[in-house]
Amino acid sequence: MADQIVETIPVTIDGVEVRVPKGTLAIRAAEMAGIAIPRFCDHPLLDPVGACRQCMVEVPDAGNGRGFPMPQAACTLATAPGMQIKTQLTSEMAKAAQVGIQELILINHPLDCPICDKGGECPLQNQAYANGRTETRYEGAKRQYPKPLPLSAQIGLDRERCILCARCTRFAEQIAGDPLIALAERGAVQQVGLFADEPFNSYFSGNVVQLCPVGALTATSYRFTARPFDLVSTDTTCEGCAAGCSLRADHRHFEVRRRLAGANPEVNEEWNCDKGRFAFVSARGDDRLKTPLVRRDGELRPASWPEAVDAAVAGLRGAKKVGVITGGRLTVENAYGYAKFARVALGTNNIDFRTRPASAEEAGFLADQVAGKSFGQGVTYEGLEKAKQVVLVCFEPEDEAPIVFLRLRKAVRKKKLKVLAIAALRSYGCGKLNAELLQTAPGDEAAVVAGLKLDADSVVLVGERAASVPGLLSAVVKSCHKAGAKLAWIPRRAGDRGAVEAGCLPNLLPGGRPVAEASARVDVAAAWGVELPAEAGLDAEAMLACELDALVVGGANLDDFASAKAARRGVERAGFVVSLEQRASDVTELADVVFPVALIEDQSGTFLNWEHRPGRIGLVNPQATNKMTDLRVLAALADALGKPLGARQARQAAAELAELGVWGKPVGFAEAKAASGDGQGLRVASWRLLLDNGRSQDGEANLKQTARQAVAKLSPADAGALGLSCGDIAELSGPDGAAELPVAVADGLAEGVVVVPANSGGFALSALGVAHGGRLSVSKKGGK
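Residues numbered from 1 in each chain as written. Predicted model: local features only at pLDDT ≥ 70, side-chain atom pairs only at ≥ 80, totals over all residues. Heavy atoms only, no water.

A.B. asks: Just to check I follow, could you spell out the overall build of the protein chain for this structure?
C.D. replies: Helix and strand counts for the protein chain come out as 23 helices and 37 strands. Computed over the C-alpha atoms, the radius of gyration of the protein chain is 28 Å, within 12% of the 28 Å expected from 2.2 N^0.38 for a compact globule of 784 residues. In the protein chain, which comprises 784 residues, the share counted as buried stands at 58%. Considering only residue pairs separated by 6 or more positions, the protein chain has 70% of its internal contacts joining residues 24 or more positions apart. Surface summary for the protein chain: the accessible area is close to 31600 Å², and the carbon and sulfur share equals 51%. Between the centroid of the 89 positive side chains of the protein chain and the centroid of its 91 negative side chains there is a distance of 2 Å. (Helix = DSSP H or I, 4+ residues; strand = E, 2+ residues; numbered from the N terminus. Rg over C-alpha atoms; globule rule 2.2 N^0.38 Å. Buried < 20%, exposed > 50% of the residue type's maximum accessible area, 1.4 Å probe, protein only. Contact = heavy atoms within 4.5 Å. Areas by Shrake-Rupley, 256 points an atom, 1.4 Å probe, with all protein chains shown as cover. Lys, Arg positive; Asp, Glu negative; His and termini not counted. Charge placed at Lys NZ, Arg CZ, Asp CG, Glu CD.)

This is how it looks when you write it as C-alpha cells:
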C-alpha cells in the first residue's frame, strides 16, 4: 500500500516559521518547532479535550488576518495556513493565562509532595516550579476527602489531588474500551467516579496510574514503597506474552519495585497490560529454588552444584531414548541452548517447546510459515493499522496478546478497520472491537476459513489453539495464499516465537532448517562440529506417551497440556528426570535432579515477539545470588558429558545463532483434513484468560482480585434443556475427571457449545483431559 502524500501548511510560532501537516494541533506544531508548552490533560494518544486549560497561547493572527481576543488552548486549536501563535516565551498574555490557571489548579491541591508516590516525577510539581507563582495567595481551607478511594483492588484514587484532566477517563473509554470510570458531579465537587457495583477491573487499568499527571491515581502494590529518586531504571522487554512490550523496570536495592510501560511507538506505543505491569513478584515466595536438589533414598535433598551436575550426568549418560521439553519462559538464547544440547549432548531431535495441545500439522505449519523469517517480512503492528480487514482465527487478542488488541481497537476507532471473529460467541474483547461474528462450533473452523472473502488488504491472525483443530491451519494457509492475504501466527507465551527460531521443535533445526533436509543438517553440523540425527523427533505429547530413559524439562507446566493427568504420568514413567526451574513445580516434585535457574530480571537476553521483532532483556540485578541461566546449566552438563556446547553466555549463543542465519528456502507442509465433529456432550470453546491461575501471577493478590470470574457459558437453548439458569452450578465431566462452575447463560452463543476458561478460579480444563474443540458432559449439580 503506497504511502499518501501529506499536505503541509506554514505556521509561525514565536516568530519561527515551520511547516506542519494540515490539521495539526497548535501544541504539536510547537513541539515540532522545539517549543514546550505546559500541559496536563493533553496526550498525543488521546483525543483532545481542553480540560485543564494550562496550555493557553496567544493567537494574534488565525491565518485570516484576524486574531483571537482571548488566549486559546493549544491542545484543541487546529492550525491554519499563515496562523501566528505566541507561547508563554514571547507573549505576556499567554504567560499570565498559564500562571493564573495553575494558581487555580493548586488552590485545592494538597501539599502531599513529601509523601506522594508521584513526588519527584510529577508534571504538576515540575511545571509549578518552572512556570507558576513562587508563593500562593490562597489562605482558605483546602478540599479534603477520605483516601484512598479504591477504584479496584489494584487502583486507588486520592480525590483531593485530582485536577480533572480526564486523562484516566479518556484512556478507559477510548483506548481500553472499558468506560468504567467517569467524571461525576459538577463544579467544585466534580470528581472521578465509578459504578457502585462494578469496580474498574480493566486489563489495562494500571496505565491510568502512569498517565495521571498529579499522583491522584496510585497502584495499591506500589503505594508508599519507594520514591522515584530512590529507584534505578532498566529498560527491558515484557515476558508476559508474545506482544513484545517495552518496559521500564524500576528497582531499589536490586529488587524490582514497579514496572512501567516503555515508550515504543512501533510496538506498545505507551501502554501495557496489568499482567505485564504488576505480575513480577511470583518468584519471591517460599517456593523459590535456591540450591540444586538431588533425589536420594526417594527424597529430594539439597546438593552442591558439582554434586548435582555429576548426578545429572550419571543419569543422562548412556540413555538411549531421551527427550527435552521446554516451556514458554525461555529467551532466544536459552532456547538455543536447549536445541543445541538436545542434538549435541544427547544426540536426539526429541525436543519440543509446545507444552500445550499441539499437532504434527502445526509443526509443519511453523516450519513453513513462521520459522526462518526476519522482522519486516511478515505482518507488523503498523500493518494491522493499515489493513482493511482482520480475521481472528482461534485467537482472542485481549486475553492472549493485549497490545495486539489495543492496536486493533485503535484501527477500528480511527480507520474503521473491519474485524471478523471466527468463534462460537462474540467475546467481551471482540465486542470492544465491533467484531463481526462468523459463528461456528469449535472444531468446525476450517470450513468457515475456506469460505472467507479475503484480498491483499486482509490480515489473518491465527492463535495457538488452532493446533487443536485438525485441518484448520491447512485451510488458513490455503485461503491466504489463494487471495494474497497476509498471515500471522500469534502464540500466547513470550518465548514461543524465539523457540521456533532456535530449533526447539522435533522437525526443525535453528534458523528454520528442516531436519529432513540433508543440506540443512550439513549447515548446522558443520557449525557445531557433530553429526546430527536425520529423523524428526517426537513432540512433547508423544514423548510423554512413551517410556523415555531420560527426560530434561525446562520451565514446563504440566497443567498446560490437554491432559495434565497424562502429562504427569509421562514424567513419572521416565527413567530419569532433570528439571531446570525457578520455582518448585509439579515437574520438580517428580525430578531426580533439580537445577535452580536465574530469574528473568537476573539475566540478559532477547525475546522475539509475534512480529519476529527482537526485544532486549535488560539485566536488572547484576548482584543476583544465582546467575546460572538455563544456558549456563546446560553448558555445564554438556561439558561433564564430554560434548561441550561452546556457548555458555547469552551473547555467545546469540552470535552463534546469527552466524548460522536463516534457511530462507521454502519448506512446505502436508495439508491435513478436518476431523469429524461427531461425539457425545457439548463441544468446548476455551482459551486462557489474561488474568488466571498462571504461576507468573502468584504473589500479587491485588491483581488476582481483578481477574474475570470463571463461569460456564451456555446458550439459552442448552441451558433450558439441561435445567440450568444463571447462577446455578454446573458439573462438567471429561475423560480425566469432573469439575464445577457457575453457569452464565449467553445470548448469541452457538447451540451445542459450552464456553469455559482454560485455567481460571478453581477450574482447570486440563484436569478434565479436554482441550478446545473437545467435548464435555454438562449437567446440573445434584441433578439426575
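A.B. asks: Looking at this structure, I do not really get the sheet that holds strand β4 (residues 72-73). What am I missing?
C.D. replies: Backbone-to-backbone hydrogen bonds join strands into a sheet, with any given pair of strands oriented parallel or antiparallel. Across the sheet, which stays open at both edges, the five strands sit in the order β2-β1-β5-β3-β4 with mixed pairing between neighbours. Strands at the two margins of the open sheet, each flanked by one partner only, are β2 (16-21) and β4. Packing of helix α2 (residues 92-107) onto the sheet brings it into contact with β3 (56-61) and β5 (83-86), and relative to β3 it is tilted by some 155°. (Pairing = 2+ DSSP bridges. Axes fitted to C-alpha atoms, helices over the stretch in contact; angles between N-to-C directions.)

A.B. asks: Explanation requested: the sheet that holds strand β7 (residues 155-157) in the structure shown.
C.D. replies: Pairing within the open sheet is antiparallel, and its three strands lie in the order β6-β7-β10. Each edge of the sheet is formed by a strand with only one pairing partner; in this case those strands are β6 (149-150) and β10 (217-219). Note that β7 and β10 share three bridges and pair antiparallel. In the sheet register, Ile 155 faces β10, and the bridge partner there is Ala 219.

A.B. asks: Would you take a moment to explain the pattern of salt bridges for this structure?
C.D. replies: Charged atoms that come close allow side chains of opposite charge to pair. Counted according to the given criterion, the structure contains 57 salt bridges. Between Arg 39 and Glu 31 there is a salt bridge whose closest N-O contact spans 3.1 Å. By relative accessible area, which is 38% here, Glu 31 ends up partly exposed. In this structure, the salt-bridge partner of Glu 362 is Arg 356, at a minimum N-O distance of 2.8 Å. Here Glu 362 matches Arg 356 in class, with each residue buried. Beyond isolated ion pairs, a larger network of salt bridges with shared partners links Asp 112, Lys 147, Asp 158, Glu 160, Arg 161 and Arg 223. (Salt bridge = Lys/Arg side-chain N within 4 Å of Asp/Glu carboxyl O.)

A.B. asks: In this structure, what is going on with helix α7 (residues 305-316)? I would like to understand it.
C.D. replies: Residues separated by three or four positions in an α-helix point in the same direction, a consequence of the helix having 3.6 residues per turn. End to end, α7 covers 16 Å across 12 residues, agreeing with the expected 16 Å (1.5 Å per residue, within 8%). Looking only at α7, the buried set comprises Ala 308, Val 309, Ala 312, Val 313, Gly 315 and Leu 316. In an axial view of α7, the angular spread of the buried residues amounts to 165°, which keeps them on one side of the axis. Away from its buried face by more than 90 degrees, α7 exposes Pro 306, Asp 310 and Ala 314. Of the surrounding secondary structure, the elements contacted by the buried residues of α7 are β14 (293-296), α8 (332-345), β25 (550-554), β26 (577-581), β27 (593-596) and α20 (630-640). (Expected span 1.5 Å × (residues − 1). Arc of directions from axis to C-beta.)

A.B. asks: When you look at the nonpolar core in this model, what are you seeing that I'm missing?
C.D. replies: It is characteristic of soluble globular proteins that their nonpolar side chains tend to be buried jointly. Grouped together as the largest cluster of nonpolar side chains are 110 residues, with contacts concentrated most on Val 404 and Leu 461. Here this core gets seven residues from one element, more than from any other, and that element is helix α12 (residues 402-415). If sequence neighbours within four positions are ignored, Val 404 has contacts with Tyr 381, Leu 384, Phe 395, Pro 397, Leu 461, Ile 490 and Trp 610. Ala 335, Tyr 336, Val 477 and Leu 608 belong to the second-largest nonpolar core, a separate cluster that totals 84 residues. (Core = buried A, V, L, I, M, F, W, Y, C linked by side-chain atoms within 4.5 Å.)

A.B. asks: Would you take a moment to explain the packing of helix α4 (residues 167-175) against α12 for this structure?
C.D. replies: Between two packed helices, the angle of one axis relative to the other and the distance separating the axes together describe the packing. Their axes nearest at 10 Å, the elements α4 and α12 cross at an angle of 85°. On the basis of the axis angle, α4 is roughly perpendicular to α12. Only Leu 406, Arg 409 and Arg 413 of α12 make contact with α4, whose side of the interface consists of Glu 173, Gln 174 and Ile 175. Of the residues contributing to the contact of α4 with α12, the split by class is two nonpolar, one polar and three charged. (Parallel < 35°, antiparallel > 145°, perpendicular 65-115°, else oblique. Nonpolar A, V, L, I, M, F, W, Y, C, P; charged D, E, K, R; others polar.)

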